[in-house]
Number of protein chains: 2
Amino acid sequence: MRIAVAKESREGETRVALVPELVGKLTAQGYDVSVEPDAGRSALITDEQYAAAGARVDAGAVDGADALISVQPPSADHVARLRAGAVTISFLPVGQEQALITALRDARITSFAMELVPRISRAQSMDALSSQSLVSGYRCGIVAAGMLRSFFPLNMTAAGTVPPAQVVVLGAGVAGLQAIATAKRLGAVVKAYDVRAAAAEEIRSVGAQAIELDLETLEGSGGYAREMTDERAARQRELLTPYIAKADALITTAAVPGRTAPVLVSRHMVEQMGPGAVVVDLAADSGGNVEGVQAGAVTRIGHAQVWGGRNVPAQMPGPASRLYAQNVVNLLTLMTRTGEAGDQAILAPDFDDEIVTGACVTHAGVIHHEPTRTAIEGTTHE
Amino acid sequence: MRIAVAKESREGETRVALVPELVGKLTAQGYDVSVEPDAGRSALITDEQYAAAGARVDAGAVDGADALISVQPPSADHVARLRAGAVTISFLPVGQEQALITALRDARITSFAMELVPRISRAQSMDALSSQSLVSGYRCGIVAAGMLRSFFPLNMTAAGTVPPAQVVVLGAGVAGLQAIATAKRLGAVVKAYDVRAAAAEEIRSVGAQAIELDLETLEGSGGYAREMTDERAARQRELLTPYIAKADALITTAAVPGRTAPVLVSRHMVEQMGPGAVVVDLAADSGGNVEGVQAGAVTRIGHAQVWGGRNVPAQMPGPASRLYAQNVVNLLTLMTRTGEAGDQAILAPDFDDEIVTGACVTHAGVIHHEPTRTAIEGTTHE
């Protein structure tokens with residue numbers, strides 16, 4: 001059986017779904033691996049490196065492949081080149097890709113969405129949302145340190161003391177915790193808030209101060225927060241304002257995949273920040289946690305420079321690709337059975353496995369995650 | 001007596017020589033302080049903040065002032081507005097400012113160069129080269145982390161381990177040690193080299209590995225390195241090449257004020273670096289430690305992106321100005337005598353004090369640091 005690695009075609013996507021280090025893991029299981037030319041180029045991986053690892057580099061890699069792996073959803077052209085019964089593995093936001101999902105169904109392709117892998121411990125090693133959030137959380141911390149034209153750390157010098165930067169992080173999931181850890185490493189004073197009660201302990205575990213507001217907590221399932229009422233959101237903004245007003249840097253990371261990000265910070269709140277303040281909004285792709293943010297741009301609000309992240313993991317394509325590829329290979333391995341000859345891999349998803357059913361979008365001519373249904377229940381991933 | 005604070009006019013200069021927090025230190029000594037409008041603007045300090053601190057904001061601030069303080073050398077216009085016997089304090093690179101120094105002499109102005117303050121312990125709090133190097137060293141570390149599209153820290157995740165970045169720092173003065181400390185804080189593996197034997201201990205004290213080459217060390221005076229022979233320089237480049245070839249990020253900080261920076265890294269050496277490599281050259285303003293670097297630009301050499309720093313402290317104008325201002329105020333305080341009335345400050349440099357004589361460029365119609373002499377002996381600062 002043959003696995004094809006797509007060259008990504010969506011604008012701004014620099015990652016690749018398989019890296020040479022992991023080609024051997026698939027060939028050892030009995031798969032053939034073919035890679036579209038230049039697939040790794042923007043992640044600084046050459047065709048020669050894939051070939052040396054045992055993959056075939058081939059412009060026709062996708063034609064008739066048994067499985068197609070990619071970071072972004074497969075292109076219409078790629079779908080047209082797959083046979084009925086083939087498998088695709090990629091990110092596939094079901095709320096935004098209705099035409100593609102219909103095409104996958106009609107072509108009788110079995111498609112899996114990495115963001116739908118259930119957040120259970122057995123699937124941790126396949127959790128691409130977490131692995132990519134790790135990258136983007138670190139990146140947000142570094143971007144904030146680079147934009148702030150002042151020190152993150154305390155500096156005691158012969159010419160006096162420079163106080164450390166005050167950093168506020170909103171949202172303490174994987175990305176938020178990484179942003180906190182990065183700012184802490186650099187010596188900033190970090191305060192963080194998350195609507196989930198469990199987050200306070202995690203915030204403290206990475207060395208930051210947990211902001212505690214006199215509000216009910218909002219535990220959702222799958223590690224995500226529940227949605228809040230407008231009234232609670234308004235009260236939360238009010239209570240957070242003094243923290244943000246005092247911050248040199250604000251980093252917001254509250255995003256729920258497939259959903260519009262909650263507006264945690266109003267324009268008014270940003271306007272309370274002082275000269276030189278910086279804001280880094282990781283959620284800009286899904287509307288933003290900060291009112292007025294623009295994905296892929298830096299805008300000025302009051303004194304603050306507001307950076308809106310656009311596909312932030314793609315800003316670190318090397319490590320992001322490596323981690324994503326490992327997630328994909330782990331999912332592929334879960335779905336691999338050994339053939340009768342004993343040396344041939346067979347890609348045979350077990351639809352009694354909750355990971356397989358959880359992540360499956362289309363199979364045998366049926367859509368398993370209706371866009372509308374997922375738009376409502378998308379936070380649970382189950 | 002009145003001290004005037006210049007609005008900087010040289011392109012790219014964002015710092016200011018006095019900050020509101022320190023106005024009171026001068027007025028308490030009996031000085032009047034006047035500030036040119038918008039002097040602090042690019043350092044995010046408003047005229048209102050100076051006024052609230054007790055300074056007069058005045059377009060004619062420099063006219064007839066007893067002392068003029070600035071970051072860059074005074075402009076010809078400013079010099080023309082000072083009276084004979086007035087004092088100027090600024091950076092004043094004597095090898096590059098011959099026309100200005102002649103004008104200062106002819107106007108019988110007493111001028112001091114901050115970079116000529118002797119590096120003795122009593123003058124530590126006036127050492128603007130060190131304070132600005134602290135800023136630029138930190139900034140170089142942050143710039144390298146931002147340019148490298150990969151993690152500085154080790155990351156152990158459910159999807160595998162991401163190794164830490166390998167960083168090499170050349171030059172371990174104040175800036176180099178700050179760059180090392182910043183990269184270490186972020187979790188990189190850092191190796192560093194300096195031609196001075198004493199540096200190895202300092203490199204280890206900030207957590208990096210000292211690269212030890214089989215070469216004689218070059219202790220100079222004033223904490224700077226002596227110049228090396230062409231033969232030794234070539235051998236050093238040869239011995240450093242394998243370290244640089246393995247580095248993800250290279251940061252070079254070997255600059256001696258007023259001198260052309262030594263070329264520590266040839267184009268050939270940079271070409272040995274791998275895909276995604278980054279080079280940050282703090283010495284680009286004085287020719288660069290890296291062959292082919294351009295100040296104020298990012299150039300591509302081999303696989304590497306090479307960042308050439310231009311007036312790097314000005315990239316963090318807030319803290320750079322605060323530290324510089326403290327250096328200047330400390331020097332002013334050293335030169336202040338109390339008047340007969342007991343409440344009036346008199347700016348009366350004591351020319352028996354080695355700090356005063358060391359830093360003095362022109363006085364009473366005489367140039368004390370001839371450009372030619374300094375070009376030869378500039379490293380000693382005495």
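Residues numbered from 1 in each chain as written. Chains lettered and ligands numbered in written order. Predicted model: local features only at pLDDT ≥ 70, side-chain atom pairs only at ≥ 80, totals over all residues. Heavy atoms only, no water.

It is worth spelling out the overall build of chain A at this point. Broken down by element type, chain A carries twelve helices and 19 strands. Taking 2.2 N^0.38 as the reference for a compact globule, 382 residues should give roughly 21 Å; the C-alpha atoms of chain A span a radius of gyration of 22 Å, in line with that estimate. On the principal axes, the C-alpha backbone points of chain A span a range of 70 × 45 × 35 Å. For chain A, the residues scored as buried account for 57% of the 382 residues in total. (Helix = DSSP H or I, 4+ residues; strand = E, 2+ residues; numbered from the N terminus. Rg over C-alpha atoms; globule rule 2.2 N^0.38 Å. Buried < 20%, exposed > 50% of the residue type's maximum accessible area, 1.4 Å probe, protein only.)

What follows deals with the interface of chain A and chain B. Contact with chain A, which involves 38 residues of that partner, is made by 38 residues of chain B. Summed over both sides, the interface between chain A and chain B buries roughly 3000 Å², with carbon and sulfur atoms accounting for 66% of that surface. For chain A, the biggest contributors to the area lost against chain B are Arg149(A), Phe151(A) and Arg185(A); these three give 21% of the whole. The interface formed by chain A and chain B includes zero salt bridges. Counting across the interface, chain A meets chain B through seven residue pairs in polar contact (both at pLDDT 80 or more). Looking at the side of chain A that touches chain B, the elements with two or more residues in it are helix H5 (128–147), strand S7 (155–157), strand S8 (160–162), helix H6 (174–185) and helix H10 (317–334) of chain A. (Contact = heavy atoms within 4.5 Å. Buried area = accessible area lost by both parts, 1.4 Å probe. Salt bridge = Lys/Arg side-chain N within 4 Å of Asp/Glu carboxyl O. Polar contact = N/O pair within 3.5 Å; in protein donor to acceptor, adjacent residues only side chain to side chain.)

A few words on the pattern of salt bridges. Scanning the entire structure with this criterion turns up 30 salt bridges over all chains. Of the charged contacts, one joins Asp58(B) and Arg56(B) as a salt bridge, the two residues approaching to 2.6 Å between their closest N and O atoms. Arg56(B) gets classed as partly exposed once you look at its relative accessible area, which sits at 44%. Note that Arg235(B) is salt-bridged to Glu238(B), the shortest N-O span being 3.1 Å. Within this pair, Arg235(B) and its partner Glu238(B) are both found in helix H8 (residues 230–246), separated by three residues, close to a single helical turn. Each member of the salt-bridge network shares a partner with another, and the members are Asp63(A), Asp77(A) and Arg81(A).

All right, on to the domain arrangement of chain A then. Residue and element names in this part refer to chain A. When its domains are assigned, chain A resolves into domain 1 (2–116 + 318–377) and domain 2 (135–315). Taking only C-alpha atoms into account, the centre of domain 1 sits 33 Å from that of domain 2. For the pair domain 1 and domain 2, the summed buried area comes to about 590 Å², and 51% of that belongs to carbon and sulfur atoms. If you look at where domain 1 meets domain 2, you find zero salt bridges. Run the count over domain 1 and domain 2 and you get three residue pairs in polar contact (both at pLDDT 80 or more). Among the residues forming the side of domain 1 that touches domain 2, the class breakdown is four nonpolar, four polar and two charged. (Domains from an automatic or database assignment. Nonpolar A, V, L, I, M, F, W, Y, C, P; charged D, E, K, R; others polar.)

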